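A closer look at the structure
If you want the building blocks of each chain, they are given just below.
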Amino acid sequence: MDADELLSYARALRNSEQSGIGRLIAERMSRTFGNAEPLLPQVDQLPETTTKLTAPAEVAHTMVGLLAAAEKADPQTPILICRYTREDVLDARPHLLATWGVYLQAVMAKGWDVEHVRSEAAWEEEMRRLEVWQPGGPLSILDRIGFDGDYRPYAVPVPASPIPGFNLMDVPGHGTVFFSPTGLGCFIPEPDCRPLAEVLRAQHLKVIGDREPLVRRHSLEAGREELELQRIISDAESVPGNRILVKDGLGVDLEPPEVLASRLERLRLAGRVATDDLLILRQYYERRRSAFSTQLDSSWEFLDLTSRAALLEFTTTGKTSSDPENLRPAPEDIRAAHIFAALKALAHENYSLAVVDDVPFGVRCLMKDSPVPLVFLEVAKGSIWAEFRDPVFCSSLMTHMRQVAEPSADKENVRGILAELAAQCSAATGPPGVLG
């Protein structure tokens with residue numbers, strides 16, 4: 001697979017429902033491969049015998065070659081990647097790191113699970129890099145979730161490596177790379193040397209112990225997606241802390257009683273919630289509204305990000321892109337009530353609404369820096385969410401979101417936008433105005 005083929009593959013992933021945030025992959029890969037020289041190393045065949053690797057480039061190319069081989073095969077035991085040192089053969093070669101990252105997506109799209117172990121120091125450094133979207137940057141981890149295969153990262157104490165200073169990448173059925181951060185190591189082929197690879201793999205798996213991965217995937221039960229989603233979010237929002245909510249449209253916790261009643265009825269009519277679950281769902285919604293109201297009266301800060309297009313769509317059609325397709329539009333008076341509730345919330349010094357041109361990631365995301373920090377990110381619309389509990393990642397993401405929001409969160413400007421939208425709802429039949 002050459003650079004052009006790899007870019008085409010990335011574009012295919014973008015259009016696939018396997019990755020809810022895949023729309024950004026092709027854009028980033030276009031920047032990565034947007035020059036005359038192909039950056040993808042040509043790996044025709046992995047060595048057939050145990051092979052000494054004496055240069056960092058050999059190790060890095062072999063790591064890419066292992067993933068390239070796995071992408072052509074059916075998934076087996078999870079791929080194990082252990083990179084303990086703060087810098088290694090991939091970090092020192094950004095182009096190879098980008099290529100390796102795309103192949104990592106490719107194998108997970110094929111269904112391979114990946115266990116990725118880093119030292120706490122290496123993980124923290126990666127999460128605090130200023131180039132947030134670059135390969136190896138804190139937000140590049142978002143490109144590794146939402147595939148058929150599960151991505152499970154771990155951060156472990158130092159020294160954690162069973163053999164201090166040595167890293168491991170094991171791809172069952174294809175081979176193992178055992179290497180130092182300076183680029184010295186060896187390749188162990190399949191199948192003759194598999195017993196040796198299994199011994200190395202078992203030693204490295206011990207460092208994980210009973211730790212939970214830093215990312216958990218939630219697949220919501222079909223037919224009860226809204227109920228399960230609101231249960232999880234209401235649990236998170238009930239814990240005091242600063243909060244950022246990213247979505248197309250206004251938040252549920254801004255909804256006054258009449259808007260909430262309308263939403264519940266429309267969800268029932270659309271078959272998105274069973275009649276027997278309506279009361280429970282109402283309780284989850286009201287729990288979110290109560291937590292928001294209580295914490296808004298304290299010193300916690302709340303920031304919502306939505307797009308101009310989503311607000312205009314809600315005003316003119318009564319729906320947003322995050323709504324189920326068969327959900328009936330909200331009546332004009334309900335739309336106006338929701339917008340007026342947002343205007344009322346803006347009176348609080350610790351509530352801000354940023355009206356941006358494009359919602360980051362294009363999906364819903366909840367962030368809280370409560371005692372146990374949380375990022376809850378939609379991966380596939382309405383059905384799969386990813387939960388991050390790592391404080392360094394959560395802090396980096398919230399800092400990035402505040403920077404994105406700052407130019408678009410001027411309260412007077414936002415009040416003007418909302419007032420115009422509310423007037424359009426009240427007019428009911430007039431043509432939409434132009435947002436300033």
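As shown above, the structure is provided for reference.
What counts and how
- Residues numbered from 1 in each chain as written.
- Predicted model: local features only at pLDDT ≥ 70, side-chain atom pairs only at ≥ 80, totals over all residues.
- Heavy atoms only, no water.
- Helix = DSSP H or I, 4+ residues; strand = E, 2+ residues; numbered from the N terminus.
- Buried < 20%, exposed > 50% of the residue type's maximum accessible area, 1.4 Å probe, protein only.
- Expected span 1.5 Å × (residues − 1).
- Core = buried A, V, L, I, M, F, W, Y, C linked by side-chain atoms within 4.5 Å.
- Pairing = 2+ DSSP bridges.
- Axes fitted to C-alpha atoms, helices over the stretch in contact; angles between N-to-C directions.
- Contact = heavy atoms within 4.5 Å.
- Salt bridge = Lys/Arg side-chain N within 4 Å of Asp/Glu carboxyl O.
- Phe/Tyr/Trp six-rings, centres within 6.5 Å; stacked < 30°, edge-to-face > 60°.
- Lys NZ or Arg CZ within 6 Å of the ring centre and 35° of its normal.

1. Observations concerning the environment of proline 257
- The topology assignment puts proline 257 in helix H8 (residues 257-269).
- The class of proline 257 is exposed, set by a relative accessible area of 52%.
- When the C-alpha positions of proline 257 and arginine 289 are compared, they lie 9.8 Å apart, and in sequence the two are 32 residues distant.

2. Some remarks on helix H7 (residues 225-237)
- The first and last C-alpha atoms of H7 sit 18 Å apart over 13 residues, in line with the 18 Å expected at 1.5 Å per residue.
- Along H7, 11 of the 13 residues are buried, which leaves the element largely enclosed by surrounding structure.
- All of the buried residues along H7 are Glu225, Glu226, Leu227, Glu228, Leu229, Gln230, Ile232, Ile233, Ser234, Ala236 and Glu237.

3. Side note on the nonpolar core
- The biggest cluster of nonpolar side chains holds 62 residues, and the ones touching the most others in it are Ile79, Trp100, Leu104, Met367 and Phe388.
- Core analysis: the next-biggest nonpolar cluster, separate from the first, contains 26 residues, Leu311, Phe314, Ala337 and Ile339 among them.

4. Comments concerning the environment of alanine 106
- Looking at where alanine 106 falls in the secondary structure, it is placed in helix H4 (residues 94-110).
- The sequence separation of alanine 106 and alanine 70 amounts to 36 residues, and the corresponding C-alpha distance is 9.0 Å.

5. With respect to the sheet that holds strand S5 (residues 167-171)
- One open sheet accounts for 7 strands, arranged S1-S7-S6-S5-S2-S3-S4; its pairing is mixed. The open sheet has two edge strands, strand S1 (51-53) and strand S4 (151-156), and neither has a second partner. Put simply, the sheet's adjacent strands are angled 15 degrees from each other on average, direction ignored.
- Here 6 bridges tie strand S3 (residues 114-119) to S4, and the two strands are oriented parallel to one another. Paired with serine 119 across the two strands is valine 156, which belongs to S4.
- Helix-sheet contacts for helix H5 (residues 120-127) involve S3 and S4, and the interaxial angle to S3 is about 95 degrees.

6. What about the pattern of salt bridges?
- Tallied over the full model, the rule gives 22 salt bridges.
- The shortest N-O distance in the salt bridge between arginine 152 and glutamate 115 comes to 2.9 Å. Taken together, the residues arginine 152 in strand S4 and glutamate 115 in strand S3 connect sequence positions 37 residues apart.
- Overall, glutamate 115 belongs to the buried group, its relative accessible area being 12%.
- Residues arginine 243 and aspartate 253 are paired through a salt bridge, measuring 2.3 Å at the closest nitrogen-oxygen approach. Separated by 10 residues along the polypeptide, arginine 243 in strand S9 (residues 243-246) and aspartate 253 in the loop between S9 and H8 bring together distant segments of the chain. We note that arginine 243, like aspartate 253, is buried.

7. Quick notes on the packing of aromatic side chains
- Inspection of the entire model under this criterion finds 5 aromatic pairs.
- Centre to centre, the rings of phenylalanine 292 and phenylalanine 302 are 5.1 Å apart; their planes meet at 85 degrees, and the pair counts as edge-to-face. One end of the pair, phenylalanine 292, is in helix H9 (residues 278-296); the other, phenylalanine 302, is in strand S10 (residues 302-307), with 10 residues separating them in the sequence.
- Geometrically, the ring pair formed by phenylalanine 292 and tyrosine 351 is edge-to-face, given 5.9 Å between the ring centres and 85 degrees between the ring planes. Here tyrosine 351 lies in strand S11 (residues 351-356) and phenylalanine 292 lies in helix H9, a separation of 59 residues in the sequence. Like tyrosine 351, phenylalanine 292 is buried.
- Among the aromatic residues, ring-to-ring pairing joins Phe292, Phe302 and Tyr351 into one connected group.
- In this arrangement the basic side chain of arginine 83 is found over the ring face of tryptophan 100, its NZ or CZ atom lying 5.3 Å from the centre.

8. Considering the pairing of S5
- Burial runs high along S5: 5 of the 5 residues are buried.
- Side chains Asn167, Met169 and Val171 project from S5 onto one buried face, and the interleaved Leu168 and Asp170 project onto a second face that is buried too.
- In this structure, strand S2 (residues 79-83) lies alongside S5, joined through 3 bridges in antiparallel fashion. Directly across from cysteine 82, in S5, lies its bridge partner leucine 168.
- Between S5 and strand S6 (residues 175-179), which pair antiparallel in sequence order, lie 3 residues; one of them, glycine 173, sits at a positive phi of approximately 90 degrees.

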